[in-house]
Amino acid sequence: MNGLTMKRNYKEMFKTPEMLTLIGFFVLCIIFSVVSEEFLSLTNVSNIIRQVSINGILAVGMTFVILTGGIDLSVGSVMALTGTIMAGMMINVGLPPFAAVLVGIILGAVIGYINGAFTAYARIPAIIVTLAMMEIARGAALLYTGGYPLSGLPASYSFIGQGYLFGVIPMPAVIMIIVFVVAYIILNHLPLGRYIYAIGGNEEAVRLSGIKVKRIKASVYLISGITAGIAGAIMSSRLSSGQPMAGEGYELDAIAAVVLGGTSIAGGRGHIFGTLLGALLLGVLSNGLNLLGVSPYVQRVLKGAIIIGAIYYSSIRQKD
Amino acid sequence: MMKNITKSFPGVTALKGVSFNIRRGEVHAIVGENGAGKSTLMKILSGVYQPTSGEFFLDGRKVSFKDPKEAQLSGISIIHQEFSLIPYLNSVENIYLGREIRKANGLLDKKKMREKAEETLKRLNADFDLNKPIAHLSVANQQFIEIAKAISIDTKVLIFDEPTASLTGNEINNLFKLIETLKADGVTIIYISHHLDEIIHICDRLTVLRDGEYVDTKDVAKCTKQEIVKMMVGREIINVFPERPSHHQFRNEIRLQVKKITNSNVSDISFDLKKGEILGVAGLVGSGRTEMVRALVGADPAEEKEVYINGEKATIKNPTDALSHGICLIPESRKTQGLILDMSIKKNISLPILNELSNRLKIINRKRENNIVNKSIKDLLIKTPSSMQKAKNLSGGNQQKVVLAKWINTDSNILIFDEPTRGIDIGAKEEIYRLMRDLADDGISIIMISSELPEVLGMSDRVLVMYKGRVQAMLDGKEATQEKVMHYATGGVNQ
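Per chain, the residues get numbers from 1 upward, laid out in the order the sequence is written. Labels are handed out in written order, letters beginning with A for the chains and numbers beginning with 1 for the ligands. With pLDDT at 70 or above as the cut-off, local features in this predicted model cover only qualifying residues; side-chain atom pairs require 80 or more to be listed or tallied, and sums for whole chains, interfaces and linings still use all residues. Side-chain metrics in this entry use all non-hydrogen atoms of the structure; hydrogen atoms and water are not considered.

(A) Expanded view of the packing of helix α8 (residues 171-189) of chain A against helix α13 (residues 272-291) of chain A. Residues and elements named next belong to chain A. Between α8 and α13, whose axes approach to 9 Å, the crossing angle comes to 150 degrees. By the angle between their directions, the pair α8 and α13 is classed as roughly antiparallel. On the side of α8, the interface is formed by M176, F180, A183, Y184 and L187, while α13 contributes I272, F273, T275 and L276. By residue class, the composition of the contact of α8 with α13 is 8 nonpolar, 1 polar and no charged. Throughout, an axis means a line fitted to C-alpha atoms (over the contacting stretch in the case of helices), and angles, computed between N-to-C directions, take values from 0 to 180 degrees. Strands here are runs of E lasting at least two residues and helices are runs of H or I lasting at least four, both read from the DSSP assignment and numbered beginning at the N terminus. Angle categories: roughly parallel below 35 degrees, roughly antiparallel above 145, roughly perpendicular from 65 to 115, and oblique for all the rest. By definition, residues are in contact when any of their heavy atoms lie within 4.5 Å. Side-chain classes are defined by residue name, with Ala, Val, Leu, Ile, Met, Phe, Trp, Tyr, Cys and Pro counting as nonpolar, Asp, Glu, Lys and Arg as charged, and the others, Gly among them, as polar.

In C-alpha cells form, the structure reads like this:
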C-alpha cells in the first residue's frame, strides 16, 4: 500500500459511523465533565459502567442478528423473563445461584431458537416473530410472578450484579467484557462468524456455496437469546429480585448501540467493538443528562432522534 | 423508421448503426441470437434506454423518448416477457394503473373505467371475469390484460417480446388470432421471438440482427428456415480456444449420470457426463439451461430426479449435498449469486472451504487461509493489489476469476459453469478457457452453459442443445456447427 492510499484510508476512516460515535463519545465526556463536577467521580464512572453493561450485553446478541440482516425485538422481555425465572428457581425451587442462572440462560437460548426457527425456516419476517415473542415473554414473566417482584434472593447472588472484581472493577463490566471477547472470537475467527457476515452481504451466494444458511440464521437468534439470559442474571442480581417489568424498551437501546457502532441495519457490515462504543455513548449520554437534571421525557425524544440520525447517516454513506 | 441507432454501454457496443424501416400495419419480426441486440433495440424504441447516437421517426416525424411513459404517449408500447401487472389488483385496476379516471370530486370513477375496459376487451374478442385479481388469471389471460392496457392508450406500435414463452399451444393460437385482429385495426406489430416456426406463421417481414449489427430485412414468405438460421449465425469464429486433446485418456469413464430431471421449468432431462469432458449446453434464452443445472444441484426443487455419480445413486436435495458429492455450480450472475461484494477477495475465496481450514476448536487457521488464497491469486492471475481488496472493486474478469477460485479450491470433480465469460474482456476470456481446459485435462468433468455459440463450439467435447425445457439434441463437439446448433435450438428436429 502506498502513501496516497494510506492517506485516503485515514480520511475514509474518519467518515465511518463508528468513528463519529467515538468522537461524539469523547466530546460528550468533555462537556459533561466541565459542566458537572460529579461526572468524573469514581462512583459515577462505575455507575455508568454498570448501566452500560446490561445494554452492552444485549447489544452483542443484537449485533449478531443485525449482521445477518435481521432484528430481535424480544430481548428486553426475554431478559425480564429469564431474570424472574432465575429468581424463582432460587427462591421457590431452592436451586443454588449457579444452577438457577444456567436454567435462565438455557431458557433464553430456547426462546431465541424459537425466534430463529420461525424466522429462518418458516420465513416469517423477524420483526413480526420477535415482536410477538416480546409480548409472549413479557406475559409469561408477569404470569410466573403474578405481577409482583420476586424478592428474597440469597446474599451470595448479589455478587454478579453488585460485586467488584479486585475490589474496583464492577462485576457486570467484567461479564460484559468477557461476552464481547467471546463475540469477537466467534465473529472474526470462526467459520460461523464469516458466514454471518456473508449472509448479510449476499444470502444467495452463501447458499450456493453449500452452506446451511437457515441453520446459521436461526443460530443468531439463539445467541441473542443467550445474551438476553446473561443480562437477565445481572439485572435480577442488581435489583436483588426478579422484576417482571424490567427491561422495557431495552430492545431499542440495544439496536441503537449496534447502529451507532456502525453496523449496517441491512446486514453484512459492522464490527463488534463498534457496538461497545455505541453502548458507551448511549450510557454516557443518559447519565450526563440525568446529572444535568434533563427530563427523562426529553431524553426519550433525543434518543429516538439519534437513532434515526445514525441510520440515515449510514444509509447515505452506503450509497457512495 | 430507424436510422443509425447506436447504443454503447461501458465496455461494449450493443448496437452499431442499425437502420431499417417498419411499415405501418405489418407484423415485423426481429430475430437474432442471444446478445444480437434485439432487446437493446426494443428498449430504445420503448423509451427504457436512450440511444448513444442515431434517431428514429414515427409516421415521418422525428421522435425521441426520455422514458417509457413518453413512448407510450407517442403510441409505442411493449409487452415484456415479465408482465408488469400488480398481482392483487383486478383487471380493470391494472389496465388503468397510473392513469385512473376520476370523477369531478376527485374520487375514482370505477364505473367508467369498467365500461371502457369491457369495451377494449370486446374489441380483442376476449371475455372473462374482470373482478378477479390478476394473480388468479392464467398466464394467457394476464397477457391479454397487458395487451388491453396497451391498446387502451391508443397504441400505434405494439412490441411483443417473446410472447409465447409461457403459453400452451391453444393459447398461442388465440394470441395469433388477436395479433391478426390488431393488425386489421391498423396496429403495427413488432414481434421478437426465438421460434422461427411462429415467425413464419404470423409475420410479414423480418429483420435479422447479429452482434449488434443490422444484417438484412426480408419478406418472410420468400425465405426458408435454413436461410434465416444462416443469416443469424453467419460470422467468422476467431480462434481463442485452447486445443482439444485429440485422444481422450478418460473417454469412457462415465462420472455423472442424470435421469429425468423434471420440475416446473424443465422436463425429462437425461444425459451423462464423462471424466475429463467439457459438455457444452447450448440453447436460447428461456430454453431452461440454468433451470436445469439449478435443479441438478438442488438450488431449485425437482419433482423428479435421479443422479448417479460414478455409478452410485446420490441424493441431492440442496447445494450442500451437491458440494459433498463433489458437484458445484458456478452461478450465472457473479454479482448476485457468486460473490459477497462487500467482502474481501480472501474471504470470498475461502467461504466454501472454511470448515476444512479450521482446527478442532473451529478456529480458522489464518495462515493456511492466506496460503491457499495467495496461491489462487497467483495461479489464476487475479490482478489486485492485495487479497484484502473488496470484491466489488475488481473488474468483471477478475471478479469472475475470484468466483472460479472459490470453487476450484473445493476440490470438486464436477464443475458446472453457467455463462463463465459473460461481460468480461477477451483477454480474461482466453485465460478462463485455458483454465477450464487444464481442469478437464486433469480429469475434472465440466458442464458449461453458454449463450455464445463460438464459445460452445470452441470448448465443448460434446454439445447438449436445449429447447423449451427439454434436451433437443446431443451433438459431438467436432461435428457441431453453428447452423446445426441453431437448428435444434430453434426447435428443429433430426435432419
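Moving on from the model shown.
(B) Focus on helix α14 (residues 396-408) of chain B. All names here are of chain B. A helix is expected to reach a length of 1.5 Å times the quantity of its residues less one. The terminal C-alpha atoms of α14 lie 18 Å apart, and with 13 residues this matches the ideal 18 Å at 1.5 Å per residue to within 8%. With a 1.4 Å probe rolled over the protein chains alone, any residue whose accessible area is under 20% of its type maximum counts as buried; one over 50% counts as exposed, and the rest are partly exposed. Along α14, 11 of the 13 residues are buried, which leaves the element largely enclosed by surrounding structure. Along α14, the residues classified as buried are G397, N398, Q399, Q400, K401, V402, V403, L404, A405, K406 and W407.

(C) The pattern of salt bridges, seen in detail. Basic side-chain nitrogens of Lys or Arg form a salt bridge, by our definition, when they fall within 4 Å of a carboxyl oxygen of Asp or Glu. Applying the stated criterion across every chain, the model contains 25 salt bridges over all chains. Note that B:R434 and B:D438 form a salt bridge whose closest N and O atoms lie 3.2 Å from each other. Here B:R434 pairs with B:D438, and both are found in helix α15 (residues 426-441), just 4 residues apart, close to one helical turn. Residue B:D438 is classed as partly exposed on the basis of its relative accessible area of 35%. Because the salt bridges share partners, they merge into one network encompassing A:E204, A:R207, B:R294 and B:D300.

(D) Local environment of unusual backbone geometry. Residue and element names in this part refer to chain B. Positive phi, close to 45 degrees, is recorded for E162, a residue that is not glycine. Mapped onto the fold, E162 is located in the loop between β7 (157-161) and α6 (169-184). Overall, E162 belongs to the buried group, its relative accessible area being 9%. Here D268, not a glycine, exhibits a phi torsion of approximately 55 degrees, which is positive. Of note, D268 is situated in the loop between β11 (254-262) and β12 (269-274). Judged by relative accessible area, D268 falls into the partly exposed class, the value being 44%.

(E) Up close: the pairing of β11(B). Residue and element names in this part refer to chain B. Strands are labelled as partners when DSSP assigns at least two bridges between them. Pairing between β11 and β12: 5 bridges, direction antiparallel. Considered in β12, the bridge of I261 is made with I269. Joining the antiparallel neighbours β11 and β12 is a turn of 6 residues, in which D268 adopts a positive phi near 55 degrees. Bridging between β11 and strand β14 (residues 304-309) involves 5 bridges; their strand directions are antiparallel. From the neighbouring strand, L256 faces β14, where its bridge partner is I309.

(F) Structural detail: the pairing of strand β19 (residues 462-467) of chain B. All names here are of chain B. Most of β19 is tucked away, with 6 of its 6 residues classed as buried. Where strand β13 (residues 278-282) meets β19, 4 bridges bridge the pair, whose relative direction is parallel. Bridge assignment links A282 to a residue of β19, and that residue is V465. Note that β19 and strand β20 (residues 470-476) share 6 bridges and pair antiparallel. If you follow V463 over to β20, its bridge partner there is L475. Between β19 and β20, which pair antiparallel one after the other, the connecting turn spans 2 residues, and K468 there sits at a positive phi close to 50 degrees.

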